[in-house]
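Here is how the chains run, residue by residue.
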Amino acid sequence: MPLPHAHHPAYDTGVPRPPAGLDRRHFLALTGLGAAALTGALATPASATPAVAPTATVLGRGGPHDDGPSGLASVRRAHAFLDVATNAYPAQNPGPRLAQSYADQLGLFSTAFVYDNALAICASLTAGRAALGRARALGDGLLLAQEHDPAHDDGRLRQAYNVGPYVFHDGTPQEHGLVLPDGTANVGWQFGFLGTAVGDMAWPGIALLHLYAATRDRRYLRGAVRIGEWIVANTWSSRPLGGFSFGVDGGNAPVPNGSTEHNVDCVAFFRHLAVATWDRRWSRASDHARAFVDRMWEPDGGYLYTGTNDGTEINRAPLPLDPQTWGWLALREGAHARALDWAGSALATRDVAGDGRSQLPEGVTVEGVTFSSASLTSTASYNGQPVHPQGVWLEGTAQLAAALADRGSRGGRGWGRRGREDRERAAELLGEVRVAQDAVGAGQTMGGAPLPARAGVVAASSLLDTGFGFGYFPVQHVGATAWYVMAAAGANPLQVGGLR
């Protein structure tokens, strides 16, 4: 049975699945009502076919309202979306808060994933003091969740929390914000988002360390240290492949799988923690994660495998994008630089309105990359909606843009011909994300209120299957928007000082 996504409910597509391996996204601890309620979670027409602009004509790669090559107005609109997501429930969250991850049309209500919120903090910090208040509010929300868990006092974060009121699909009201009346954090039990995955710990740790660097507020450093201590104490693997295992499920049972993506996160997080604390134990932890990542490298193909199901054997398929992009951003390893070229070619997609199962508005084309090698051949359906194998994963496309820009400049191959090509390709990919920002996701809401026009970036141009038992929809998404903002700013969140 594959491990589902950390950020979405699992869907039964009726298509046989490969072994899951190891991505932060493949993990969902379904228990009790959460499991039972998932059947109806995204079964409404609005979520099966999310709102998109009914008509749009793309005049250039910047969209019908082209901002020019820099896309400055586009980035300002993206920041406006992050503001709305952060402040969607002011009555329930007057102080520390977390951002709702997806527009209402996905059917996850006010779910706030900690990964998305970590990205939103990093994206906010790229704007300097202009968005520092938003970054601090979200960082304080992570600390509140960490310090007021309803069952544990060990520094863990759950996969997601509720941040605003809604009525669940079975008619049960959820009336509260991030903090319940008893003072505990409002964990996302309705959908079963109760587990703790290593990647979902490392990214908030990274965000808190960037926030500490920006503010010198030692609360953020202490929160990051607690995260590091939890990861080392609970997931350090002594199995043959080493590294850090997946985490724990909602019942606190260990999950033995090991993820390349998670361990890349840990390389960056522990390295950053070592710099911030001058404590050598974090350097040793970073080296432990790095050894796992090195074992996942396939020199003949020029890519990183997804991980391991048991800590002993490498899981070789499907091949996802994230280890390739994040592998460069975290390691800047010349020998592994080819992974970006592999990803840009092997996972390339071109979504054309009217072609196959495309959900794009008439006249729109979006190019970029998809989630994994399995996405390109999938015949899955979600809630009766067939996937489109050429759907573009916008979060991943922004990740690739960020990695190519980094490789082409200070982090990579310098200012020669190849560096210029990398930067030019990164700019092209950002232009494609702006096309989606302009043309896809109109009419969507958050907390029932309309979202700003042409502001957030949708998760996917059309419904796509990841190959790991979950899909992405054309619904506005904090994670995709935050990666776009960071890529447009030339930021690298996986490097110390990489947001300045």
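Not measured: the values here are computed from a predicted model. (Residues numbered from 1 in each chain as written. Predicted model: local features only at pLDDT ≥ 70, side-chain atom pairs only at ≥ 80, totals over all residues. Heavy atoms only, no water.)

**Remarks on the overall build of the chain**
Then comes step 1: Secondary structure assignment for the chain yields 14 helices and 21 strands.
Then comes step 2: A burial count over the chain gives 62% of its 500 residues as buried.
Then comes step 3: Considering only contacts in the chain between residues 6 or more positions apart, those separated by 24 or more positions represent 72%. (Helix = DSSP H or I, 4+ residues; strand = E, 2+ residues; numbered from the N terminus. Buried < 20%, exposed > 50% of the residue type's maximum accessible area, 1.4 Å probe, protein only. Contact = heavy atoms within 4.5 Å.)

**Overview of the sheet that holds strand 6 (residues 245–248)**
Then comes step 1: Read across the open sheet, the 5 strands follow the order 5-6-7-10-11; overall the sheet is antiparallel. Among the strands making up the open sheet, the edge pair consists of strand 5 (196–197) and strand 11 (314–315).
Then comes step 2: Looking at chain direction, strand 10 (residues 307–308) and strand 11 are connected through 2 bridges and run antiparallel. Considered in strand 11, the bridge of glycine 307 is made with asparagine 315. (Pairing = 2+ DSSP bridges.)

**Brief notes about the nonpolar core**
Then comes step 1: By size, the foremost hydrophobic cluster in this structure holds 144 residues, and its most contacted members are Ile231, Phe269 and Trp483.
Then comes step 2: Per element, the largest residue contribution to this core is 10 residues, and it comes from helix 6 (residues 198–215).
Then comes step 3: With sequence-adjacent residues up to four places away left out, isoleucine 231 is seen in contact with Val198, Met201, Ala202, Trp236, Phe244, Cys266, Phe269 and Phe270. (Core = buried A, V, L, I, M, F, W, Y, C linked by side-chain atoms within 4.5 Å.)

**Notes on the environment of alanine 137**
Then comes step 1: Mapped onto the fold, alanine 137 is located in helix 5 (residues 132–147).
Then comes step 2: A residue is classified by how much of its surface remains accessible, and alanine 137, at 11% relative accessible area, is buried.
Then comes step 3: Here the alpha-carbon distance between alanine 137 and leucine 98, two residues 39 residues apart in the chain, equals 7.7 Å.

**Points about the packing of aromatic side chains**
Then comes step 1: Inspection of every chain in the model, using the stated rule, returns 25 aromatic pairs.
Then comes step 2: A ring pair is formed by tyrosine 382 and phenylalanine 473, whose centres lie 6.5 Å apart and whose planes are at 75 degrees; its orientation type is edge-to-face. Placement of the pair is tyrosine 382 in strand 14 (residues 381–382) and phenylalanine 473 in the loop between strand 20 (471–472) and strand 21 (476–477), with a sequence separation of 91 residues.
Then comes step 3: The buried category is assigned to tyrosine 382, whose relative accessible area is 0%.
Then comes step 4: The ring of tyrosine 220 is capped by arginine 219, whose NZ or CZ atom sits 5.0 Å from the centre of that ring. (Phe/Tyr/Trp six-rings, centres within 6.5 Å; stacked < 30°, edge-to-face > 60°. Lys NZ or Arg CZ within 6 Å of the ring centre and 35° of its normal.)

**Notes on unusual backbone geometry**
Then comes step 1: For the bond running from alanine 317 to proline 318, omega is -5 degrees, close enough to zero to count as cis.
Then comes step 2: Here proline 318 lies in the loop between strand 11 and helix 10 (322–331).
Then comes step 3: Positive phi is not limited to glycine here, since asparagine 252 has a value of about 70 degrees.
Then comes step 4: In this structure asparagine 252 comes out as partly exposed when scored by relative accessible area, which is 34%.

**Brief notes about the packing of helix 13 (residues 417–439) against helix 14 (residues 478–488)**
Then comes step 1: Where helix 13 contacts helix 14, the two axes come as close as 11 Å, and the packing angle between them is 140 degrees. On the basis of the axis angle, helix 13 is oblique to helix 14. Viewed along their axes, helix 13 and helix 14 form a crossing whose handedness is left-handed. Residues Leu430, Val433, Arg434 and Gln437 of helix 13 form the contact with helix 14, whose participating residues are Tyr484, Ala487 and Ala488.
Then comes step 2: For the contact of helix 13 with helix 14, the per-class residue count stands at 5 nonpolar, 1 polar and 1 charged. (Axes fitted to C-alpha atoms, helices over the stretch in contact; angles between N-to-C directions. Parallel < 35°, antiparallel > 145°, perpendicular 65-115°, else oblique. Left-handed = near helix turned anticlockwise from the far one by under 90°. Nonpolar A, V, L, I, M, F, W, Y, C, P; charged D, E, K, R; others polar.)

**Here we look at the pairing of strand 6**
Then comes step 1: Note that strand 5 and strand 6 share 2 bridges and pair antiparallel. If you follow alanine 197 over to strand 6, its bridge partner there is glycine 247.
Then comes step 2: Of the strand pairs in this sheet, strand 6 and strand 7 (residues 254–259) are connected by 3 bridges, and their pairing is antiparallel. If you follow serine 245 over to strand 7, its bridge partner there is glycine 258.
Then comes step 3: Counting the residues in the hairpin turn of strand 6 and strand 7 gives 5 residues, including asparagine 252, whose phi is positive at 70 degrees.

**As for the environment of phenylalanine 292**
Then comes step 1: Here phenylalanine 292 is to be found in helix 9 (residues 280–295).
Then comes step 2: Distance in space between the C-alpha atoms of phenylalanine 292 and threonine 308 is 10.0 Å, their sequence separation being 16 residues.
Then comes step 3: Filtering out sequence-adjacent residues up to four positions away, phenylalanine 292 remains in contact with Leu241, Gly242, Gly243, Gly258, Ser259, Thr260, Asn263, Gly307 and Thr308.

**Structural notes on the side chain of aspartate 422**
Then comes step 1: Relative to the elements of secondary structure, aspartate 422 occurs in helix 13.
Then comes step 2: In this structure aspartate 422 comes out as buried when scored by relative accessible area, which is 3%.
Then comes step 3: When neighbours within four sequence positions are excluded, aspartate 422 is seen to be in contact with Leu404, Arg407 and Gly408.

**Quick notes on helix 3 (residues 72–86)**
Then comes step 1: Relative to the 21 Å expected for 15 residues at 1.5 Å per residue, helix 3 spans 21 Å between its end C-alpha atoms, a close match to the ideal helical length.
Then comes step 2: The complete set of buried residues in helix 3 reads Ser74, Val75, Arg77, Ala78, His79, Phe81, Leu82, Ala85 and Thr86.
Then comes step 3: Contacts made by the buried residues of helix 3 are with helix 4 (114–125), helix 5, helix 13, strand 16 (445–446), strand 21 and helix 14. (Expected span 1.5 Å × (residues − 1).)

**Looking at the packing of helix 12 (residues 394–407) against helix 14**
Then comes step 1: It is the contact of helix 12 with helix 14, at a shortest axis distance of 8 Å, that shows an interaxial angle of 20 degrees. For the element pair helix 12 / helix 14, the angle class is roughly parallel. With respect to the hand of their crossing, helix 12 and helix 14 are arranged in left-handed fashion. Between helix 12 and helix 14, the contacting residues are Glu395, Ala398, Gln399, Ala401 and Ala402 on the first element and Gly479, Ala480, Trp483, Tyr484 and Ala487 on the second.

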